[in-house]
Amino acid sequence: MHRLLLFFALVYAVEGLAQPDGLIAQPLSYYLKTSQGWTPVQITGFTSLLYFAWIVKPVYGLISDFVPLLGYRRKSYLALVSLAAIAGFAWVTQLSSPSALFPALAITAYAMAIASTLCGAVLVEHGQRLRASGRFVNQQWLWYNIAAVIAAVGGGQLVQQLAPQAALHAAAAIAAFTPLAIIAGALFLIPERKVSINIEGLSQAFEALKSSFRRRDLWLIAGFLFLYNFSPGLSTPLYFTLTDELKFSQGYIGILSSISAVGWIFGALLYRPIFGSLTLKQLLNVSIGFGAIATASFLFLTNEASAAVIYFGSGFAGMLAMVATLTLAADYCPPRAEGFTFAVLLSVGNLASTLANNIGSLLYADIFDHSLRPLVVISAAVTAVAFLVVPLLKLGDKKQGEPG
């Protein structure tokens, strides 16, 4: 248990620093906005293409589940993609034009998405065995957001102190060192034995996989995850509002992201004593309620003080949503196809989020004339609609971490 908890902490700390929304996020947005003159729709489209790596996560899970590399289903792949991430970030430090930056950033995005998928497979395998899915999810996102605090403050300070291109290159150079921690965790902390491709076992696993696609509960969970994540995104419109309308400094915008991450951490620390005893159905309803309220609170965004309070609450609500939805997905994955099924369910949510972010930017720029308030109202309302779907899941009194 302790080795796994340490492994999840290492991997997700790296994810918090090295994903596209980590240390490089604000320097990249600032560079595209100021040096390239890009609009919110263009920036969102660029980052959405990077996040396509998270939409096709089932492919990585399928390969990892059924095709061992050097005898391992997880260890070898984690080490390989971490080396690719290091190379991608090193390449970014030598580039400037968006067309040249994209393939290098795509390498880092795919590497982090694959690492996340493999880590999810480890979570499902051992979470179901130890009945600790919720605890593992909480551990992952606690350390993700500890790293996100560092990434947000660091990214903001890089933008504040350096020229746009220099800030982007500095962020990439720092991020390039972080995947070394994943390599160490994969080699020394995962309890994994060597296996070979077993044709008979592979056939049985595929049969189990096919049967899982006929399960009504998995389709309902996938639909719920899509709806839960399909609320028009605020991230890029918020960045333009904070920069152009409220005139916040780039340094303070970075601090706001860190405050949101602190809200996640605070929620993660309170999860076990306050929310750990709730049934999964109760946790989902609580997370939806907090999410709708946190989104609506952006209607009161007027100055630096209000922004700090709102971002903290948004981070807290985000933690509850993440733990609730990932626990739901992890508890219903069939044995021997854990990586694939878990990745499919999460990819549904990632697809919804990507579509929602682009819709949010389009509404903000083309329909609402750069006004944030109507977008906030729509986003909060769509989040609240998820209440109507929870009864269809028929969770009853199922506890968190109990296999579905």
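Only a predicted model underlies this, so the values are computations on that prediction, with no experimental measurement involved.

Engineer: What's the story with the overall build of the chain in this structure? I'm lost.
Structural biologist: Each helix and strand in the chain was counted, giving 18 helices and 0 strands. The C-alpha radius of gyration of the chain comes to 20 Å, within 12% of the 22 Å expected for a compact globule of 404 residues. For the C-alpha atoms alone, the extent of the chain along its principal axes is close to 60 × 45 × 35 Å. For the chain, with 404 residues in total, the buried portion stands at 57%. The long-range share in the chain, meaning contacts at least 24 apart out of those at least 6 apart in sequence, stands at 85%.

Engineer: For this particular structure, what's the right way to read a nonpolar patch on the surface?
Structural biologist: A cluster of nonpolar residues, V59, I63 and V67, forms a patch on the protein surface that exposes about 230 Å² of accessible area. By secondary structure assignment, the location of V59 is in helix α5 (residues 57-66). Judged by its relative accessible area of 46%, V59 falls in the partly exposed class.

Engineer: Would you mind going over the pattern of salt bridges with me for this structure?
Structural biologist: Oppositely charged side chains can form a pair if their charged atoms are brought close together. Throughout the structure, instances matching the rule amount to 3 salt bridges. Close ionic contact of D244 with K33 constitutes a salt bridge, the shortest N to O distance being 3.2 Å. Of the two residues, D244 sits in helix α13 (residues 235-245) while K33 sits in helix α2 (residues 25-35), which places them 211 residues apart along the sequence. Judged by relative accessible area, which is 37%, D244 ranks as partly exposed. A relative accessible area of 19% means that K33 is categorised as buried. Here R74 ties to E125 by a salt bridge, and the two come within 2.4 Å at their closest N and O atoms. Of this pair, R74 sits in the loop between α5 and α6 (75-92) while E125 sits in helix α7 (residues 98-130), and the two are 51 residues apart along the sequence.

Engineer: How do you make sense of helix α15 (residues 280-296) when you look at a structure like this?
Structural biologist: One turn of the α-helix equals 3.6 residues, which is why residues spaced by three or four share an orientation. With 17 residues, α15 should cover 24 Å at 1.5 Å per step; its first-to-last C-alpha distance of 24 Å lies within 8% of that length. Within α15, burial applies to L280, L283, L284, S287, I288, G289, G291, A292, A294 and T295.

Engineer: I would appreciate a short explanation of the nonpolar core in the present structure.
Structural biologist: One broad rule of soluble globular proteins: the nonpolar side chains tend to lie buried together. Formed by 119 residues in total, the largest nonpolar core has its most connected members in F7, F224, L284 and L328. Tallying contributions element by element places α7 first for this core, with 15 residues. In contact with F7, other than residues within four places in its own chain, are L78, C119, V122, G185, A186, L189 and I190.

Engineer: Just checking my understanding: could you explain the packing of α7 against helix α8 (residues 133-161) for this structure?
Structural biologist: The description of two helices packed together rests on the angle between their axes and the distance between the axes. Relative orientation of the contacting elements α7 and α8 amounts to 145 degrees, with a least axis distance of 8 Å. Judged by residue contacts, C119, L123, H126, G127, Q128 and L130 of α7 engage S133, F136, V137 and Q140 from α8. When grouped by side-chain class, the residues that make up the contact of α7 with α8 number 5 nonpolar, 5 polar and no charged.

Engineer: Hey, could you run me through the packing of aromatic side chains in this one?
Structural biologist: Here the structure, examined in full by the defined rule, presents 13 aromatic pairs. Ring centres of F298 and Y311 lie 5.7 Å apart, and the angle between their planes is 80 degrees; on these two criteria the pair is classed as edge-to-face. Taken together, the positions of F298 in the loop between α15 and α16 (304-331) and Y311 in helix α16 put the pair 13 residues apart, joining distant regions of the chain. We classify F298 as buried; its relative accessible area is 7%. Ring-pair connections join several aromatic residues into one group, and the members of that group are F266, F275, F290, F312 and F316. When the ring centre of F240 is taken as reference, the NZ or CZ atom of K33 above it lies at 5.4 Å. It is K75 that lies over the ring of Y72; its NZ or CZ is 6.0 Å from the centre.

Engineer: Help me understand helix α14 (residues 250-275), please; the structure alone is not making it clear to me.
Structural biologist: Between the first and last C-alpha of α14 there are 35 Å, a value that for 26 residues agrees with the 38 Å anticipated at 1.5 Å per step. At L269, α14 shows its maximal bend, which comes to roughly 35 degrees, and the proline P273 appears one to four places after that position.

Engineer: Mind showing me how you'd approach the environment of H169 here?
Structural biologist: Considering the arrangement of structural elements, one finds H169 in helix α9 (residues 164-175). Judged by relative accessible area, which is 17%, H169 ranks as buried. Separated by 78 residues in sequence, H169 and W91 have C-alpha atoms that sit 9.5 Å apart. What H169 contacts, discounting residues up to four positions off in sequence, is V92, T93 and L95.

Engineer: I'm lost on unusual backbone geometry in this one. Help?
Structural biologist: For residues other than glycine, phi is negative in most cases, and the peptide bonds are mostly trans. Although it is not a glycine, L70 adopts a positive phi angle of roughly 55 degrees. Secondary-structure assignment places L70 in the loop between α5 and α6. Backbone geometry at D369 places phi at a positive 50 degrees, although glycine is not the residue there. Residue placement: D369 occurs in the loop between α17 (338-367) and α18 (373-385).

What counts and what doesn't
Residues numbered from 1 in each chain as written. Predicted model: local features only at pLDDT ≥ 70, side-chain atom pairs only at ≥ 80, totals over all residues. Heavy atoms only, no water. Helix = DSSP H or I, 4+ residues; strand = E, 2+ residues; numbered from the N terminus. Rg over C-alpha atoms; globule rule 2.2 N^0.38 Å. Buried < 20%, exposed > 50% of the residue type's maximum accessible area, 1.4 Å probe, protein only. Contact = heavy atoms within 4.5 Å. Patch = residues over 30% accessible without salt bridge, like charges linked within 9 Å, V, L, I, M, F, W, Y side chains within 5 Å. Areas by Shrake-Rupley, 256 points an atom, 1.4 Å probe, with all protein chains shown as cover. Salt bridge = Lys/Arg side-chain N within 4 Å of Asp/Glu carboxyl O. Expected span 1.5 Å × (residues − 1). Core = buried A, V, L, I, M, F, W, Y, C linked by side-chain atoms within 4.5 Å. Axes fitted to C-alpha atoms, helices over the stretch in contact; angles between N-to-C directions. Nonpolar A, V, L, I, M, F, W, Y, C, P; charged D, E, K, R; others polar. Phe/Tyr/Trp six-rings, centres within 6.5 Å; stacked < 30°, edge-to-face > 60°. Lys NZ or Arg CZ within 6 Å of the ring centre and 35° of its normal. Bend = angle between axes of the 7 residues up to and from the residue.

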